[in-house]
Amino acid sequence: MTAANPVPALLDLEPLTAGHFARIEDKIASLLRTRSDVVAMQGEALLPLEAAIRAAVRPGSTALNVVTGPYGETFGGWLRSCGAEVVTVTAPFSGAVRPEQVADALREHPEIDFVSLVHAEAATGNTNPVAEIGAVVREHGALLMLDAVASVAAEPLLTDEWGVDLCVIGGQKAMAGPAGVSAVAVSDRAWARIAANPQAPRRSYLSLMDWKERWIDGGRTALPHAPAQLEMLALEQAADRVEADGLAAVIARHRAAAAATRAGVRTLGTLTPYVTRDADAAPVATTLRAPDGMDARELVAAAQAADANVPVQAAAGDLAKEMIRVNHYGRAADRSVVLASLAALAEGLRALGADASEAAAAAEAAGAAWDGIAA
């Protein structure tokens, strides 16, 4: 930037080299605690999620799809379009799936060879016990694909230890990075499955095998196409910031934000956490149930009228009238943001004629919960 133009000169950067691109992938591998190949894909995380399913699933496969939110529902459609028979295990959006449910489904369907699972659902505010589910899937012998877009840097993510074969992340949630690039870690077992699948995309933007043959197998010395340079640099900066802050500290901050929000809401009393058990609550977003007779969209509008900066929104789709979402990921995993969100919700309740008399006590409870974790 210059004195005349304070905007960074983003259009005149040196080209992103293959070596630099590979170093960014290595930083992501370290964050995922994996020694598997990591491919940084040049698009939002839906790209590697769909790519992973279409690469590893073929007609005649039987897939177990765990649905605890809207992304799990999306996976089911992709799996069926690949010609797979889909077995679905569901849990209410107010909770998480239990490992026993997955084990029962695998026993009832021994032909299952692929399992798709979302770690944390930001849209519904729940999180699934991946370590326990991964152990069950590994014993069965199926491949495990994990959507860790909302969980990476917000809660522990031990890709290799948990037996995750395809681990997909994005940088836009807890990493506070860009949405325009994403990454997938691919185990040796997954590569073997993909190579043996004649239906896996080839010469396609969805092709993981193209990346392996044209990038990884060549020693990552020549990029297969022009990279999304700005987004890749932003992803690197996000990973570097997590490392500088300390992954444990970043995770603790997200846990504190979730605990503080839930404690404040429970003390306020008029709203209730949508996810019932604390153990099932995602650290990136807290979903709330609107009071009976109140439209969640109206409450969100009233809260944002009180403070337009708070990360509070109504849910999408069928849940829009009843569910409120407080986002507290990335830079919003901050004590002041949580307290501001609670205050805005209290003001919104007052504006709609609902009780918010415990607002001060709610703030105190939230602060105490934050200190109990983040300290």
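Just above sits the structure.
Here the structure is a predicted model, which is why all the values come from computation and not from measurement.

Secondary structure summary: the chain contains 12 helices and 13 strands in total. Rg of the C-alpha trace for the chain: 22 Å, near the compact-globule value of 21 Å for 375 residues, within the 12% margin. Overall, the C-alpha framework of the chain stretches about 65 × 65 × 35 Å when taken along its three principal axes. Residue burial in the chain is summarised as follows: out of 375 residues, 54% are buried. At a minimum sequence separation of 6, the contacts of the chain that also span at least 24 residues come to 71%. Working note: accessible area of the chain is about 15400 Å², and carbon and sulfur atoms make up 51% of it. Distance between charge centres in the chain, computed from 31 positive and 45 negative side chains, equals 2 Å.

This part is about the packing of helix α9 (residues 247-268) against helix α12 (residues 359-374). Contact geometry for α9 and α12: axes closest at 7 Å, N-to-C directions at 155°. As the angle between them shows, α9 and α12 are arranged roughly antiparallel. As α9 packs across α12, the resulting crossing turns out to be right-handed. Here A252, R253, R255, A256, A257, A259, A260, A263, G264, T267 and L268 of α9 come into contact with α12, specifically with A359, A361, A362, A365, A366, A369, W370, I373 and A374.

Right, let's talk about empty space enclosed by the protein for a bit. Summed over all chains, the structure comprises one cavity of 30 Å³ or more. For the lining of the largest cavity, the secondary structure elements donating two or more residues are α8 (229-245) and α9. Among the elements that make up the lining of the largest cavity, the one with the highest residue count is α8 (three residues). Of the residues that constitute the lining of the largest cavity, the class distribution is five nonpolar, one polar and four charged.

Reading across from one edge, β10-β11-β13-β12 is the order of the four strands in this open sheet, with antiparallel pairing throughout. The open sheet has two edge strands with one neighbour each: β10 (272-273) and β12 (312-314). Pairing of β12 with strand β13 (residues 323-327) involves three bridges; the strand directions are antiparallel. Bridging from a neighbouring strand, V312 pairs with V326 of β13. Each of β12 and β13 touches helix α10 (residues 296-306); the most contacted strand, β12, lies at about 155° to it.

Once that is clear, we can look at the nonpolar core. Grouped together as the largest cluster of nonpolar side chains are 92 residues, with contacts concentrated most on F114, L166, M175 and L208. Discounting residues that sit within four places of it in the chain, M175 has contacts with I28, L31, V152, A153, I169, G170, L235, A238, A239, R241 and V242. If you look at the next biggest cluster of nonpolar residues, it comprises 31 residues, including L268, V300, A344 and A369.

As a volume, the largest pocket reaches approximately 380 Å³. Around the largest pocket, the lining comprises 21 residues; the ones closest to its centre are T127, E155, D278, A279 and A281. Among the secondary structure elements, those contributing two or more residues to the lining of the largest pocket are α5 (130-140) and α9. With five residues, α9 is the single largest residue contributor to the lining of the largest pocket.

Before going further, it helps to spend a moment on the environment of D278. Mapped onto the elements of the fold, D278 is located in the loop between β10 and β11 (285-289). By relative accessible area, D278 is classed as partly exposed at 49%. Put simply, D278 and A258 are 20 residues apart on the chain and 9.0 Å apart in space, counted from C-alpha to C-alpha. For D278, the contacting residues outside a window of four places in its chain are R262 and R266.

Between helix α4 (residues 99-108) and α5, the least distance of the axes is 9 Å, while the angle of their chain directions is 15°. Relative to α5, the element α4 is oriented roughly parallel. The two elements α4 and α5 cross, and the hand of that crossing is right-handed. In this structure, α4 uses P99, V102, A103 and L106 to contact α5, whose residues at the interface are E132, I133, V136, V137 and H140. Grouping the amino acids of the contact of α4 with α5 by side-chain chemistry returns seven nonpolar, one polar and one charged.

This next bit is on the pattern of salt bridges. Pairing is possible between side chains that carry opposite charge, provided their charged atoms lie close to one another. Under the counting rule described, the total for this entry stands at 17 salt bridges. Here R277 makes a salt bridge to D280, at a shortest N to O gap of 3.0 Å. A relative accessible area of 43% places R277 in the partly exposed class. Residue D280 is classed as buried on the basis of its relative accessible area of 4%.

The next thing to look at is unusual backbone geometry. Phi at R203 takes a positive value of approximately 50°, unusual for a residue other than glycine. Summarising the element assignment, R203 is placed in the loop between α6 (188-195) and α7 (208-216). Relative accessible area serves as the criterion here: at 62%, R203 is assigned to the exposed category. Notably, R220 is not glycine yet its phi reads approximately 55°, a positive angle. Following the sequence through the fold, R220 ends up in the loop between α7 and α8. Accessibility expressed as a relative area gives 25% for R220, which makes it partly exposed.

Scoring rules and cut-offs
- Residues numbered from 1 in each chain as written.
- Predicted model: local features only at pLDDT ≥ 70, side-chain atom pairs only at ≥ 80, totals over all residues.
- Heavy atoms only, no water.
- Helix = DSSP H or I, 4+ residues; strand = E, 2+ residues; numbered from the N terminus.
- Rg over C-alpha atoms; globule rule 2.2 N^0.38 Å.
- Buried < 20%, exposed > 50% of the residue type's maximum accessible area, 1.4 Å probe, protein only.
- Contact = heavy atoms within 4.5 Å.
- Areas by Shrake-Rupley, 256 points an atom, 1.4 Å probe, with all protein chains shown as cover.
- Lys, Arg positive; Asp, Glu negative; His and termini not counted.
- Charge placed at Lys NZ, Arg CZ, Asp CG, Glu CD.
- Axes fitted to C-alpha atoms, helices over the stretch in contact; angles between N-to-C directions.
- Parallel < 35°, antiparallel > 145°, perpendicular 65-115°, else oblique.
- Left-handed = near helix turned anticlockwise from the far one by under 90°.
- 1 Å grid on protein atoms, 1.4 Å probe; cavity = no way out; pocket = protein on both sides within 12 Å on 5 of 7 lines; lining within 4 Å.
- Points joined across faces, edges and corners; volume = space filled by probe spheres on them.
- Nonpolar A, V, L, I, M, F, W, Y, C, P; charged D, E, K, R; others polar.
- Pairing = 2+ DSSP bridges.
- Core = buried A, V, L, I, M, F, W, Y, C linked by side-chain atoms within 4.5 Å.
- Salt bridge = Lys/Arg side-chain N within 4 Å of Asp/Glu carboxyl O.

Interpretation note: all reported values are geometric properties and have no functional meaning in isolation.
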